[in-house]
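Take a look at the letters that make up each chain.
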Amino acid sequence: MLRFVATRLVLLVVGLLVAAALIFLTLRVLPGDVAQVIGGTRASPEQVARIRTELGLDEPIPLQFLDWIGGVLRGDLGRSLVTGTPVAVELGAKLAVTLPLAGLSLLIGLLGIPLGVLSAVLYRRAGGFLIAAAAQAIAAVPVVFAGVLLVLLLGAWLRLLPVQGFPLDGWQEPGRALASLVLPALTIGIVEGAVVLRFTRSATLEALGQDHVRTAAAKGMTRTRALLTHGLPGVLLSVIAVIGLEIAALLVGAVVVESLFQLPGVGRMLVTDVANRDLVKVQSELLVLTGLVLVVGAVVDVLHRLLDPRLRERA
Amino acid sequence: MIPGWAREVLRRPAGVFGAVVIALLVAAAIVSVFWTPRDPFAADPFQRWLGPSAAHPFGTDGVGRDILSYVLAATRTTVLVAALSSVVAALVGLVLAAIAALGPRWVREPLAVLIDVLIAFPVLLIAIMLSAVLGSSLGTVIAAVGIGFGVNIARVSRGEIRRVARAGYVLAARASGLGPVRTLLDHVLPNIAPVFIVQLSLSAGVAVLSEAGLSFLGYGAPPSRPSWGRLLSDLQDYVTVHPLTVVWPGLAITLSVLAFNLFGDALREATDPRLRSRRRIAR
């Protein structure tokens, strides 16, 4: 087990480095001079040259990369090319919106697990079919459309929830902050929950066909009981692996949803900074987002291994 | 005439639904090149925000364009994005999978790690990254989906290629002097085709969803090209005043993605004998 964790940790570090290199290299082939963009069209060549030196854009690319990675390790993500404020401070503030949003969406999305089991147990009955069909349809809805429909239903017509924005004073009033996250989280959570539901359903259907579950049923248990006591543990364990992927999808969903609901999160920050060509911020934001995905993936892998005896035996 | 798997797919309601909607999409895309009820771009300031009527079955938008014509014209973009990004995804996936499955050990293992890292880059982030570099265009969307989903295909196909490559008939082909590339094309690929086509169908769905998301963020199609995602994001600003208008592009996207997903699922069931027997077991 310890060996597994160690290997996984090494892989994670390698993965983070590869991800950082990919992001860095992709952004460095940017056509157009960043210094010129910052200086504006009226900057003289001397001014542009000064900006280049200041930003270290004249150094060789490997050196620039090492500078950046070294800074990241020290918690220094550089300064915005446009406003000059430290990126780390702003990023921290934005994560205070994005992470709770992702967490809340995950909680909603997890409802897909019991519903998925239910729809599998009700296989070939109207209820099971309806749940599965609804999930299939919802999984095909683009996040923007889902958000718009929810805004109409819960925000505009029923007037239950705030439709847009986030309190300016952040989490000073936790109730208000949370309320403004509910609609966005529902938007992501319902769509991702549908994906979780579909996976849980097919895993449960498979479990129903497994020998030990059928044997338990043959020895007098009802099929549902046999599933719950003998089949479900296996199902839940394979669902864990999917949850890891879903968390990645949640973070990406956040990029779109934050723009739709005008939430001051990392996703909206990224979109704005790409428009401004604020390279330093963009590369750090991309690294933080993909880093989160990689770390979550590693944690889920380790958890999966820890909980699933089938994987342990194979090792 | 019709291959066995296609007949299996068409025996399922989901498969029929998928196939019919996809056929309609392609037909609408072709027809819209030559004919739409009205000019999809013709703005008419006196006809803004009209409700559905005989003249404008889907109503008009904020500049007085006929929504039905625009939605029809935008089918082209959807079909184009879905088809081209599937082609790119197929190429990326196949090349990566073939090298990662059959290449020498020192290439294989780093590549496996690279594929795992690339999978952590969601399609949307790849697209945003590429847009930062190349600017926004349909090509960026296609490249992003192609790379992002291609990596997924690579991961799924890699194991499959390895399994098939060990089979007796492949060994026999190699032993009788067939080169590695020919063996791959003639004997390995046809045998992983089912797995592959399922993935392509799913990637088309991802492509349509991504185009919608990216157009909303402003990274998708340029304004000169009609797109459902752009229409949806244009209309959503006025959704509380004109709620019905967003339904058309929203439904169009949902139906297309649903069709690709259902077609892929039906195909998977039709080609995977393990899933085919499930119906019997679960009863």
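Residues numbered from 1 in each chain as written. Chains lettered and ligands numbered in written order. Predicted model: local features only at pLDDT ≥ 70, side-chain atom pairs only at ≥ 80, totals over all residues. Heavy atoms only, no water.

A closer look at the overall build of chain A
Alright, step 1. Secondary structure assignment for chain A yields 14 helices and 0 strands.
Alright, step 2. For chain A, the C-alpha atoms occupy an extent of roughly 85 × 55 × 35 Å along the three principal directions.
Alright, step 3. The long-range share in chain A, meaning contacts at least 24 apart out of those at least 6 apart in sequence, stands at 71%.
Alright, step 4. Looking at chain A as shown, the accessible area adds up to about 15200 Å², and 68% of this sits on carbon and sulfur atoms.
Alright, step 5. Looking at chain A, you have 26 positive and 21 negative side-chain charges, and the mean spots of the two groups are 13 Å apart. (Helix = DSSP H or I, 4+ residues; strand = E, 2+ residues; numbered from the N terminus. Contact = heavy atoms within 4.5 Å. Areas by Shrake-Rupley, 256 points an atom, 1.4 Å probe, with all protein chains shown as cover. Lys, Arg positive; Asp, Glu negative; His and termini not counted. Charge placed at Lys NZ, Arg CZ, Asp CG, Glu CD.)

Topic: the UniProt feature "transmembrane region" (unreviewed entry) in chain B
Residue and element names in this part refer to chain B.
Alright, step 1. In this numbering, the UniProt entry assigns the feature "transmembrane region" (unreviewed entry) to residues 14-35, 79-99, 111-132, 138-156, 192-221 and 241-264.
Alright, step 2. Between the end C-alpha atoms of residues 138-156 the distance is 27 Å, and the span holds 100% helix and 0% strand.
Alright, step 3. Secondary structure over residues 192-221 splits into 87% helix and 0% strand, and the C-alpha atoms at its two ends are 34 Å apart. (UniProt positions renumbered as here; feature names shortened; annotations may be inferred.)

Notes on the interface of chain B and chain A
Alright, step 1. Counting from both sides, the interface comprises 40 residues of chain B and, opposite them, 48 residues of chain A.
Alright, step 2. Interface area, chain B with chain A, both sides summed: about 4000 Å², of which 80% is carbon and sulfur.
Alright, step 3. Our count for the chain B to chain A interface comes out at 1 salt bridge.
Alright, step 4. Of the charged contacts, one joins R198(A) and D265(B) as a salt bridge, the two residues approaching to 3.0 Å between their closest N and O atoms.
Alright, step 5. Where the side of chain B that touches chain A is concerned, the elements lending two or more residues are α4 (105-119), α5 (123-134), α8 (180-217), α9 (228-236), α10 (243-271) and α12 (278-282) of chain B.
Alright, step 6. Sort the elements by how many residues they give to the side of chain B that touches chain A and α10(B) lands first, with 12 residues. (Buried area = accessible area lost by both parts, 1.4 Å probe. Salt bridge = Lys/Arg side-chain N within 4 Å of Asp/Glu carboxyl O.)

Examining the environment of S180(A)
Alright, step 1. Among the secondary structure elements, S180(A) is positioned in helix α9 (residues 174-208).
Alright, step 2. Between the C-alpha atoms of S180(A) and Q210(A), which are 30 residues apart in sequence, the distance is 45 Å.

Concerning the pattern of salt bridges
Alright, step 1. Evaluation of the coordinates by the stated rule reveals 11 salt bridges over all chains.
Alright, step 2. R8(A) is the partner of D301(A) in a salt bridge, and the nearest nitrogen-oxygen pair spans 2.8 Å. Here R8(A) lies in helix α1 (residues 2-28) and D301(A) lies in helix α13 (residues 279-307), a separation of 293 residues in the sequence.
Alright, step 3. With relative accessibility at 32%, the residue D301(A) sits in the partly exposed group.
Alright, step 4. Judged by relative accessible area, which is 17%, R8(A) ranks as buried.
Alright, step 5. Note that D186(B) and R182(B) form a salt bridge whose closest N and O atoms lie 3.1 Å from each other. Taken together, the residues D186(B) and R182(B), both in helix α8 and 4 residues apart, mark about one turn of the helix.
Alright, step 6. Classification of D186(B) as partly exposed rests on a relative accessible area of 36%.
Alright, step 7. The class for R182(B) is partly exposed, based on a relative accessible area of 47%.
Alright, step 8. Taken together, the salt bridges that share partners define one network made up of E90(A), D273(A) and K281(A). (Buried < 20%, exposed > 50% of the residue type's maximum accessible area, 1.4 Å probe, protein only.)

Here we look at the environment of P264(A)
Alright, step 1. Of note, P264(A) is situated in the loop between α11 (223-260) and α12 (266-276).
Alright, step 2. Taking C-alpha positions, P264(A) is 16 Å from L250(A), a pair spaced 14 residues apart along the chain.

Quick word on the UniProt feature "domain: ABC transmembrane type-1" (unreviewed entry) in chain B
Alright, step 1. Per the UniProt record, the feature "domain: ABC transmembrane type-1" (unreviewed entry) sits at residues 75-264 of chain B.
Alright, step 2. Structurally, residues 75-264 of chain B is divided into 84% helix and 0% strand, and its ends, taken at the C-alpha atoms, are 20 Å apart.

A few points about the UniProt feature "transmembrane region" (unreviewed entry) in chain A
All names here are of chain A.
Alright, step 1. In this structure's numbering, the residues bearing the UniProt feature "transmembrane region" (unreviewed entry) are residues 101-123, 130-157, 177-197, 231-257 and 286-307.
Alright, step 2. Its end C-alpha atoms 36 Å apart, residues 231-257 is made of 100% helix and 0% strand.
Alright, step 3. For residues 286-307, the end-to-end C-alpha separation is 31 Å, with 100% helix and 0% strand making up the annotated structure.

So, the packing of aromatic side chains
Residue and element names in this part refer to chain A.
Alright, step 1. For the structure shown, the criterion picks out 3 aromatic pairs over all chains.
Alright, step 2. Ring geometry for F24 against W68: centres 5.7 Å apart, planes inclined by 20°, an arrangement best described as stacked. Separated by 44 residues along the polypeptide, F24 in helix α1 and W68 in helix α4 (residues 61-73) bring together distant segments of the chain.
Alright, step 3. Assessed through its relative accessible area of 2%, F24 is described here as buried.
Alright, step 4. An aromatic cluster is present here, built from F24, F65 and W68 joined pairwise through their rings. (Phe/Tyr/Trp six-rings, centres within 6.5 Å; stacked < 30°, edge-to-face > 60°.)

Focus on the packing of helix α10 (residues 211-218) of chain A against α11(A)
All names here are of chain A.
Alright, step 1. Relative to each other, α10 and α11 sit at 145°, their axes nearing to 9 Å. Pair α10 / α11 crosses with right-handed handedness. On the side of α10, the interface is formed by H212, V213, A216 and A217, while α11 contributes A226, L227, H230 and G231.
Alright, step 2. Tallied by class, residues from the contact of α10 with α11 come to 5 nonpolar, 3 polar and no charged. (Axes fitted to C-alpha atoms, helices over the stretch in contact; angles between N-to-C directions. Left-handed = near helix turned anticlockwise from the far one by under 90°. Nonpolar A, V, L, I, M, F, W, Y, C, P; charged D, E, K, R; others polar.)

Thoughts on the domain arrangement of chain A
Alright, step 1. As assigned here, chain A comprises domain 1 (35-66) and domain 2 (87-267).
Alright, step 2. Relative placement of domain 1 of chain A and domain 2 of chain A: their C-alpha centres are 45 Å apart. (Domains from an automatic or database assignment.)

As for the confidence of the model for chain B
All names here are of chain B.
Alright, step 1. Averaged over every residue, the pLDDT of chain B is 83; the share at 70 or more is 95%.
Alright, step 2. Contacts from residues 279-283, a stretch scored under 50 in pLDDT, to residues over four places away or in other chains number 10 contacts.
Alright, step 3. Interface scoring of the predicted complex returns ipTM 0.84; its pTM is 0.86. (pLDDT = per-residue confidence, 0-100.)

Section: helix α6 (residues 138-165) of chain B
Alright, step 1. S157(B) marks the point of greatest bend in α6(B), at about 30°.
Alright, step 2. You can read the cap of α6(B) off the contacts: a side-chain oxygen lies 3.2 Å from the backbone nitrogen of G139(B), and it is on S137(B). (Bend = angle between axes of the 7 residues up to and from the residue. Polar contact = N/O pair within 3.5 Å; in protein donor to acceptor, adjacent residues only side chain to side chain.)

A closer look at the packing of α5(B) against α6(B)
Residue and element names in this part refer to chain B.
Alright, step 1. Running from amino to carboxyl end, α5 crosses α6 at an angle of 140°, the nearest separation of the two axes being 8 Å. Viewed along their axes, α5 and α6 adopt a mutual orientation that is oblique. Crossing of α5 over α6 shows right-handed handedness. In this structure, α5 contributes V123, I126, A127, L130 and S131 to the contact, and α6 contributes T140, A143, A144, V145, I147, G148 and F149. (Parallel < 35°, antiparallel > 145°, perpendicular 65-115°, else oblique.)

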